[in-house]
Amino acid sequence: MINIATQTAQSETVGSPWVNITIFAVFVGITLVVVLRASKNNKTAADYYAAGRSFTGPQNGTAIAGDYLSAASFLGICGAIAINGYDGFLYSIGFLVAWLVALLLVAEMMRNTGKFTMADVLSFRLKQRPLRIAAAITTLAVCFFYLLAQMAGAGALVSLLLGITEEIGQSLVITVVGALMILYVLVGGMKGTTWVQIIKACLLIAGAAAMTVWVLAIHGFNLSELLAHAVETAGTSEILNPGGAYGENATTKLDFISLALALVLGTAALPHVLMRFYTVPTAKEARRSVVWAIWLIGLFYLFTLVLGYGAGAMIGPERIANAPGGVNSAAPLLAFELGGPLLLGFISAVAFATILAVVAGLTITAAASFAHDIYANVVRKGKVSPDGEVKVARRTVVVIGILSILGGIGAQGQNVAFLVALAFAVAASANLPTILYSLFWRRFTTRGAVWSMYGGLSAAIILIAFSPVVSGTETSMISAVDFAWFPLSNPGLVSIPLAFVLGWLGTITDPNKEDVVKQAEMEVRSLTGVGAEKATDH
Amino acid sequence: MGQDTPPTEEEMEAAVDFREVQRSEQFQTLRKRHRSFVIPMAVAFLLWYFLYVLLADYAHDFMSTPVIGNINIGLILGLLQIATTFGITMWYVSYANKRLDPVAADIRRDLEQITEENK
C-alpha cells in the first residue's frame, strides 16, 4: 500500500484519471436529471431567482453549506493544516464564527424586507437609483473576484486529478466546467442550482466524515495519538503550535488580523449567501437555514482538523508540498492512501462538483443583480414584465458564463488565492456597513450609503492593487516591477473601518432627511415579517 | 396561488399607519427584546473571537502549552470557539422561539386583519 502510494505520488498523477472522470460524469448525469425535473416550474421571476421561495430551512441550510464549502475550504484548509499545522485550523475558525453575524444581525431581517437581491433591502427606504446602481456594482465585483478564483482553481485541480498538465487541456476542462454551469443555471434557475448544491454538500460531508472516522480509527480514536503521529512524520512539534503560516514577522501577524476581520464580517455580506435567504418561505425558515448551515459547516471544519493532521501524519508535509497540486493535494493524497483509486475518484469528483456548484450560485446571483437591479429598476424604472426581466437574466447568465471561462483561462497559473480573500474584504467593506446601518440606524441616509459602498469598494481594490500580492515579490502577479506601498496582502483592516466611518460621516453631513414613513414600515416589516414575500404555490 | 390571497404591498401601505405601529407598546417591546439580545451578543462573540485571534497571533508560548498529551491550549481554545458558536446559535434560537416569534406573530396577524377589513 505504502509502496504503491509512494510510486504514484512520484509520477504525474495519483490514481486513475479515468476512474475520476467516470465518477464525475455520474455526478453530472444525476444532477442534470434533477435540474431538468426542477426546471418545470420556472415561469416567474420569483421562481427563477428565488426557487418560488419553496425550500425548507434544512434544505436551504444544506445548500448554503454546499455553496460555502468551496474547493478552497475543502482542499485548501486540509492542505494548510497538513503543511502549516495549527495556523490552518486557526484560518478555518473565522469562516465558521462569521455565521453568527448572519444569524443574529442579517438573515431574518433581510428575508423580511427584500425580494430577490441585496439592493431590494438597501433601497427600501433610501433612494432607488443611486442605491441600486451601487449595490449592483459591489455585487458584481464580489461575484467576479470569487468566480475568477474558482475557475482558475478548476485548472489547478485538473492538473492534479486528471493528469492534464498542458495549458490547452486545462483550458478545455475550464470551458467544459463553464459550459455545464451555464446549462445548469439557464435551465434550472435557482431551484436547479440549489439542488446541485444540496447533492454536492451531502456527498462532500459524507465523504469527509467517512475519511475522518477512518483516520481516527487508525489512531485508536485518540486525537493526541494522531497529533503525535503528525509530529513524528513532520519531524517537528511546531505544527501543533501557532505561527506556522502567519507568525513570520510583524507584518504577517498584522496581515492575519486583517484577514480575520474580513472573514468574520464578510460572510454575512456575500451576495450569493444573501440571495439564498430568499429561497425559503419565511424569516423563521431563514433562521433555520442559518442554524443548519452553522452545524454542517462547524462539523465539516472539525473533520478538516482530523483530515489535515491525518494527511500530515500519514503522508507528510514534504511529500504533499512536492506532489502536483502542492498544498491542495493533501486531501486527495490522503483519500488514495486510505481507500485507493476509488475513494480518490470519489473525493476528486466531489471537488469538481464543488467548483461547479459554487460557480453556478455566483452566476445566478450576478445575473439577478444585473437583470433585477440595473435593467428592471434603473434602466426601465420598474416598467418591465417579470417575463422580460427573467429573459434578460438568462442572457446575462450566458455573458457572465463566457466571461468567467475566459477569465479562468487567462488566470491559469496565476496566484489567485488572494481573490477569495479579496471578495470577502470587498463584501465586508462595501456591503456590510450599509446593510447594518439601514437595518439598525434610523437616521441613515442615501448619501451615507453611497459614500460607504463606493468608499469601501474602492479602498479595498486600490489597497490590493498596491499590495505585495500584485507586485514586488517573487510570488506576486507581476514580480518584475515593484509598485507596492501597502504592506498587507488583505485590505480589510483599513477598508472595513473606513467604510463604517464613511457611512456615518455621509449621514451626519447629509442635509436631506429620508422618508420617516418608509423607515417605520421597514422597521416594522423587518421584525414582524408582515407583508413579506410569500412562497408561490404550483 | 393559494385560496386566501395575502394582502398586497399597496393594500397594506394604504390600510396601515406604520408610524403608529412603530410607536405602539407591543412593537417597542419586540424591538427592545430583539436589540437587547442580538447587539450585545454580537459584540461579545466578536470580542471573544478577536481575543482568540490575538492570542494565536501574539502569544505563541502561551498557546503552545500542552494540556492533555499533545493537545495544547491553542487547540482547546480553537475548539471552544466552535463550541461557543454552536452554543450561541442554540441560545438565540430558543430565545427567538420564546420571546420574539409570538410577539411578531401577534403584530403580523393584527396588521393583516386591518388590511383585510380595509379592502
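**So, the overall build of chain B**
- If you tally the helices and strands in chain B, you get five helices and two strands.
- Relative to the compact-globule value of 14 Å for 119 residues, chain B shows a C-alpha radius of gyration of 23 Å, a clear excess of over 25%.
- Dimensions of chain B, computed from the C-alpha atoms along their principal axes, are close to 70 × 30 × 25 Å.
- In chain B, which comprises 119 residues, the proportion classed as buried is 39%.
- For chain B, long-range pairs separated by at least 24 residues make up 68% of all intrachain contacts whose partners lie at least 6 apart in sequence.
- Total accessible area on chain B is roughly 6600 Å²; 59% of this is exposed by carbon and sulfur atoms.

**Examining the overall build of chain A**
- Counting its secondary structure elements, chain A contains 21 helices and zero strands.
- Here the C-alpha atoms of chain A give a radius of gyration of 23 Å, agreeing with the 24 Å that 2.2 N^0.38 yields for 538 residues.
- Looking at chain A residue by residue over its 538 residues, the buried ones come to 65%.
- Summarising the internal contacts of chain A: among those between residues at least 6 apart in sequence, 83% fall at separations of at least 24.
- The centroid of the 31 positive side-chain charges in chain A is displaced by 17 Å from the centroid of its 28 negative side-chain charges.

**Let's talk about the environment of Ile-218 of chain A**
Residues and elements named next belong to chain A.
- As for its placement among the helices and strands, Ile-218 is situated in helix H10 (residues 167-218).
- Between the alpha carbons of Ile-218 and Gly-310 there is a distance of 9.7 Å; along the sequence they are 92 residues apart.
- In contact with Ile-218, not counting residues within four places along its chain, are Met-314 and Leu-338.

**So, the interface of chain B and chain A**
- Taken together, the contact pairs 59 residues of chain B with 60 residues of chain A.
- With both sides pooled, the region where chain B packs onto chain A buries about 5400 Å², and carbon together with sulfur makes up 70% of that total.
- Broken down residue by residue, the surface that chain B buries against chain A is led by Tyr-49, Asn-70 and Phe-86 of chain B, which jointly contribute 11%.
- Along the contact surface separating chain B from chain A lie four salt bridges.

**Quick word on unusual backbone geometry**
Residues and elements named next belong to chain A.
- With phi around 50°, Arg-53 is a residue other than glycine that occupies positive phi space.
- Its place among the elements puts Arg-53 in the loop between helix H3 (45-50) and helix H4 (57-68).
- Arg-53 sits in the buried class, given a relative accessible area of 1%.
- In this model, Phe-221 sits at a positive phi of 50°, which is unusual for a non-glycine residue.

**Topic: the packing of helix H21 (residues 516-528) of chain A against helix H3 (residues 25-58) of chain B**
- With their axes 11 Å apart at the nearest point, H21 of chain A and H3 of chain B run at an angle of 65° to one another. In terms of orientation, H21 of chain A lies roughly perpendicular with respect to H3 of chain B. The element H21 of chain A and its partner H3 of chain B pack so that their crossing is left-handed. Here Glu-523, Val-524, Leu-527 and Thr-528 of chain A of H21 of chain A lie close against H3 of chain B, whose contacting residues are Phe-27, Leu-30, Arg-31, His-34 and Arg-35 of chain B.

**So, the state of the cysteines**
- Counted by the stated rule, this structure contains zero disulfides over all chains.
- Of the cysteine sulfurs around Cys-202 of chain A, a residue in no disulfide, the closest is that of Cys-78 of chain A, at 19 Å.

Calculation criteria
- Residues numbered from 1 in each chain as written.
- Chains lettered and ligands numbered in written order.
- Predicted model: local features only at pLDDT ≥ 70, side-chain atom pairs only at ≥ 80, totals over all residues.
- Heavy atoms only, no water.
- Helix = DSSP H or I, 4+ residues; strand = E, 2+ residues; numbered from the N terminus.
- Rg over C-alpha atoms; globule rule 2.2 N^0.38 Å.
- Buried < 20%, exposed > 50% of the residue type's maximum accessible area, 1.4 Å probe, protein only.
- Contact = heavy atoms within 4.5 Å.
- Areas by Shrake-Rupley, 256 points an atom, 1.4 Å probe, with all protein chains shown as cover.
- Lys, Arg positive; Asp, Glu negative; His and termini not counted.
- Charge placed at Lys NZ, Arg CZ, Asp CG, Glu CD.
- Buried area = accessible area lost by both parts, 1.4 Å probe.
- Salt bridge = Lys/Arg side-chain N within 4 Å of Asp/Glu carboxyl O.
- Axes fitted to C-alpha atoms, helices over the stretch in contact; angles between N-to-C directions.
- Parallel < 35°, antiparallel > 145°, perpendicular 65-115°, else oblique.
- Left-handed = near helix turned anticlockwise from the far one by under 90°.
- Disulfide = S-S within 2.5 Å.

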